[in-house]
Amino acid sequence: MEKRIIYADNAATTAVSEEVLKAMMPYFCETYGNPSSIYKAGRDARRAVEEAREKTAGAIGAEPREIYFTSCGSESDNWAVKSAAELMAEQGRRHIVTSAIEHHAVLRTCGYLEKKGFEVTYLPVGADGIVRPADAEKAIRRDTALVSIMYANNEVGTVQPVDEIAAICREKGVLFHTDAVQAVGHIEIDVHRQGIDMLSLSGHKFHAPKGVGALYIRSGTRLPSFLHGGGQELGRRAGTENVPAIVGLGAAIEAAVCDIHSREAAVASVRDSIMDGLLKIPYTRLNGDRNRRLAGNINISFEGIDGEALALMLGMKGIYVSSGSACTSGDADPSHVLLAMGLGEASAKGAVRLTIGEDITSDDAGYIIGTIEETAEKLRRSSSAWQHMIRNDNT
Ligand SMILES: *Cc1c(COP(=O)(O)O)cnc(C)c1O
């Protein structure tokens with residue numbers, strides 16, 4: 001029998017969809033001109049890039065001239081945070097507000113800026129994995145250059161109060177950036193209505209290829225260029241455009257936002273059945289708010305189990321999940337997100353994340369629950385610390 005493969009790690013990356021691949025194909029070997037060239041092959045490539053820009057802008061409520069293509073979500077985050085810091089430092093503003101649960105692309109960029117003399121406030125989160133707008137308001141000072149709060153967390157899927165925080169920033173005259181890499185294509189976004197100044201997104205989180213992203217910069221924001229060189233991307237991000245990948249991003253984002261509510265509701269319903277099934281396993285806990293989370297996200301701690309070991313064993317059985325966040329897989333440190341939510345080290349290390357897509361059926365759900373239950377039981381049975389704990393618990 002062919003081994004059943006279940007991919008439940010869509011927060012790490014997604015498969016390129018067939019329609020996206022099909023849209024990209026002509027731009028490798030047929031329409032391969034440089035978009036800056038003036039003859040037809042160049043103009044055709046230019047048109048394809050600009051169409052993708054329109055689709056991307058349309059998907060998030062922006063104008064096409066506010067969309068800048070980048071090489072990935074990490075680049076978009078680096079550009080937004082470093083360039084805003086550079087811009088505002090000219091006015092003597094050298095303070096940044098972010099949260100303790102950001103992706104490393106933001107956290108480590110802030111850490112770098114701290115070494116350069118900037119001061120960073122890392123907002124805490126509640127046990128629910130959500131930042132409090134009041135904390136953001138209190139943290140903003142006269143010398144605050146930027147507030148950067150992610151839209152949705154990549155580990156626990158919690159959706160942050162972006163509208164409230166953006167409104168506070170607007171009122172106080174502070175730039176607001178959001179890392180929306182996990183949110184785009186899953187949550188309806190309208191950057192103008194929501195008062196967002198900068199937003200990062202990445203293609204490979206919504207069925208476009210890896211290595212292409214975008215930064216939305218509200219028009220009128222004098223954000224300095226990030227890559228210097230040619231005049232691409234309105235002179236703000238040099239480098240010959242990755243035409244096929246940009247075309248793929250345009251096709252993918254258009255498909256992702258189409259019918260977004262009903263499609264996400266369908267994913268959430270399968271997700272809920274898996275979540276409820278897993279939470280019936282004794283000594284488990286859900287990490288992150290149950291309702292204010294991404295439709296496909298499940299993050300559960302199994303007491304007495306090493307999440308890494310569980311993820312490895314599930315992988316051998318063809319169920320692909322991650323422990324903590326994929327970016328830290330392989331290193332033994334517990335997740336900074338779970339620690340910020342107040343989990344103890346053991347519970348944080350016992351966490352497993354499943355992020356399902358639209359391909360997971362209710363039949364798959366039953367199989368996932370059964371396999372995880374069986375595997376968790378096996379791991380616990382072979383753990384003497386666990387046996388000891390259970391004995392003490394029962395007496
Ligand atoms: C994946 C991810 C990134 C990084 O995007 P890349 O395109 O892989 O560089 C940044 N932020 C969040 C929240 C992510 O999930």
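I will try to describe carefully the structure that is included in this document.

Calculation rules
Residues numbered from 1 in each chain as written. Predicted model: local features only at pLDDT ≥ 70, side-chain atom pairs only at ≥ 80, totals over all residues. Heavy atoms only, no water. Helix = DSSP H or I, 4+ residues; strand = E, 2+ residues; numbered from the N terminus. Rg over C-alpha atoms; globule rule 2.2 N^0.38 Å. Buried < 20%, exposed > 50% of the residue type's maximum accessible area, 1.4 Å probe, protein only. Contact = heavy atoms within 4.5 Å. Areas by Shrake-Rupley, 256 points an atom, 1.4 Å probe, with all protein chains shown as cover. Lys, Arg positive; Asp, Glu negative; His and termini not counted. Charge placed at Lys NZ, Arg CZ, Asp CG, Glu CD. Near = heavy atom within 4 Å. Polar contact = N/O pair within 3.5 Å; in protein donor to acceptor, adjacent residues only side chain to side chain. Salt bridge = Lys/Arg side-chain N within 4 Å of Asp/Glu carboxyl O. 1 Å grid on protein atoms, 1.4 Å probe; cavity = no way out; pocket = protein on both sides within 12 Å on 5 of 7 lines; lining within 4 Å. Points joined across faces, edges and corners; volume = space filled by probe spheres on them. Core = buried A, V, L, I, M, F, W, Y, C linked by side-chain atoms within 4.5 Å. Patch = residues over 30% accessible without salt bridge, like charges linked within 9 Å, V, L, I, M, F, W, Y side chains within 5 Å. Pairing = 2+ DSSP bridges. Axes fitted to C-alpha atoms, helices over the stretch in contact; angles between N-to-C directions. Phe/Tyr/Trp six-rings, centres within 6.5 Å; stacked < 30°, edge-to-face > 60°. Lys NZ or Arg CZ within 6 Å of the ring centre and 35° of its normal.

**Observations concerning the overall build of the protein chain**
Here comes step 1: A tally of regular secondary structure across the protein chain gives 15 helices and 12 strands.
Here comes step 2: Relative to the compact-globule value of 21 Å for 395 residues, the protein chain shows a C-alpha radius of gyration of 22 Å, a close match.
Here comes step 3: For the protein chain, the C-alpha atoms occupy an extent of roughly 75 × 55 × 35 Å along the three principal directions.
Here comes step 4: By the burial criterion, 55% of the 395 residues in the protein chain qualify as buried.
Here comes step 5: Of all intrachain contacts in the protein chain linking residues separated by at least 6 positions in sequence, the fraction that spans at least 24 positions is 71%.
Here comes step 6: Summed over all atoms, the accessible surface of the protein chain reaches about 17,000 Å², with 52% contributed by carbon and sulfur.
Here comes step 7: Looking at charge distribution, the protein chain has the averaged site of its 43 positive side-chain charges lying 3 Å from that of its 52 negative ones.

**Let's talk about the site of the ligand**
Here comes step 1: Around the ligand there are 13 residues in total, and S74, D179, Q182, S202 and K205 lie nearest to it.
Here comes step 2: S202 places a side-chain nitrogen or oxygen 2.6 Å from an oxygen atom of the ligand.
Here comes step 3: Contact between the ligand and K205: an oxygen atom at 2.8 Å from a side-chain N or O atom of the residue.
Here comes step 4: For the ligand, whose unbound accessible area comes to 380 Å², protein coverage reaches 89%.

**Re the pattern of salt bridges**
Here comes step 1: Counting across every chain of the model gives 23 salt bridges.
Here comes step 2: Residue R170 pairs with D197 through a salt bridge whose shortest N-O separation is 3.3 Å. Of this pair, R170 sits in helix α7 (residues 162-172) while D197 sits in the loop between α8 (191-194) and β7 (198-202), and the two are 27 residues apart along the sequence.
Here comes step 3: On the basis of relative accessibility, which here comes to 46%, the residue R170 falls in the partly exposed class.

**Concerning the layout of surface pockets**
Here comes step 1: A volume near 560 Å³ is recorded for the largest pocket.
Here comes step 2: Together, 32 residues line the largest pocket, and N10, H186, H207, G357 and E358 are the ones closest to its centre.
Here comes step 3: Counting residues per element, the ones that place at least two in the lining of the largest pocket are α1 (18-24), α9 (243-257) and α10 (260-279).

**Focus: the nonpolar core**
Where a protein is soluble and globular, its nonpolar side chains tend to be buried together.
Here comes step 1: Membership of the largest hydrophobic core comes to 63 residues, with the highest contact counts inside it found for I60, V147, F176, V184, I189 and L199.
Here comes step 2: Residue contributions to this core peak at nine residues, all from α9.
Here comes step 3: Not counting residues up to four positions away in its chain, the partners in contact with F176 are V147, I149, V162, I165, A166, C169, I196, D197 and M198.
Here comes step 4: Counting residues in each nonpolar core, the second largest holds 31 residues, with I274, L278, I369 and I372 among its members.

**Focus on a nonpolar patch on the surface**
Here comes step 1: Judged by side-chain polarity, V16, L21, M25 and F28 come together as a nonpolar surface patch covering roughly 360 Å² of accessible area.
Here comes step 2: Mapped onto the secondary structure, L21 falls in helix α1.
Here comes step 3: Classification of L21 by relative accessible area gives partly exposed; the value is 43%.

**Comments concerning the environment of L310**
Here comes step 1: With respect to the element layout, L310 can be found in helix α11 (residues 307-316).
Here comes step 2: When its relative accessible area of 0% is taken as the criterion, L310 is described as buried.
Here comes step 3: Counting along the chain gives 13 residues from L310 to S323, while the straight-line C-alpha distance between them is 8.1 Å.
Here comes step 4: When residues no more than four places from it in sequence are discounted, the contact partners of L310 are F302, I305, V352, T375, A376 and L379.

**Brief notes about the side chain of N10**
Here comes step 1: Residue position: N10 is located in the loop between β1 (6-7) and α1.
Here comes step 2: In this structure N10 touches K205, H207, T355, I356 and G357, once residues within four positions along its chain are discounted.

**With respect to the sheet that holds strand β6 (residues 175-179)**
Here comes step 1: Sheet architecture is open: seven strands sit in the order β2-β8-β7-β6-β5-β3-β4, paired in mixed fashion. The open sheet terminates on both sides in strands that have one partner only, identified here as β2 (67-70) and β4 (119-123). Direction aside, the axes of adjacent strands within the sheet are offset by 20° on average.
Here comes step 2: Pairing between strand β3 (residues 95-99) and strand β5 (residues 144-148): four bridges, direction parallel. Residue pairing for β5: V97 is matched across the bridge by V147.
Here comes step 3: The sheet strands contacting helix α4 (residues 73-89) are β2, β3, β5, β6, β7 and β8 (213-217), and the helix crosses β7 at an angle near 160°.

**Thoughts on the packing of aromatic side chains**
Each pair of aromatic rings is reported with the distance of its centres and the angle of its planes.
Here comes step 1: Summed over the entire model, instances satisfying the criterion amount to three aromatic pairs.
Here comes step 2: Between the aromatic rings of W79 and F226, the centroid separation amounts to 6.2 Å while the plane-to-plane angle is 15°, which identifies the pairing as stacked. A residue pair is termed long-range when its members are at least 10 positions apart, and W79 in helix α4 and F226 in the loop between β8 and α9 qualify at 147 residues.
Here comes step 3: By relative accessible area, W79 is classed as buried at 0%.
Here comes step 4: Residues Y283 and W386 carry aromatic rings whose centres are separated by 5.3 Å and whose planes lie at 85° to one another, so their mutual orientation is edge-to-face. Here the residue Y283 occupies a position in the loop between α10 and β9 (284-286), and W386 occupies one in helix α15 (residues 384-394), the gap between them amounting to 103 residues.
Here comes step 5: The exposure class assigned to W386 is buried, which follows from its relative accessible area of 8%.
Here comes step 6: Ring-pair connections join several aromatic residues into one group, and the members of that group are Y68, W79 and F226.
Here comes step 7: It is K82 that lies over the ring of Y112; its NZ or CZ is 5.1 Å from the centre.
Here comes step 8: Over the face of the ring belonging to F118 we find R94, whose NZ or CZ atom lies 4.5 Å from the ring centre.

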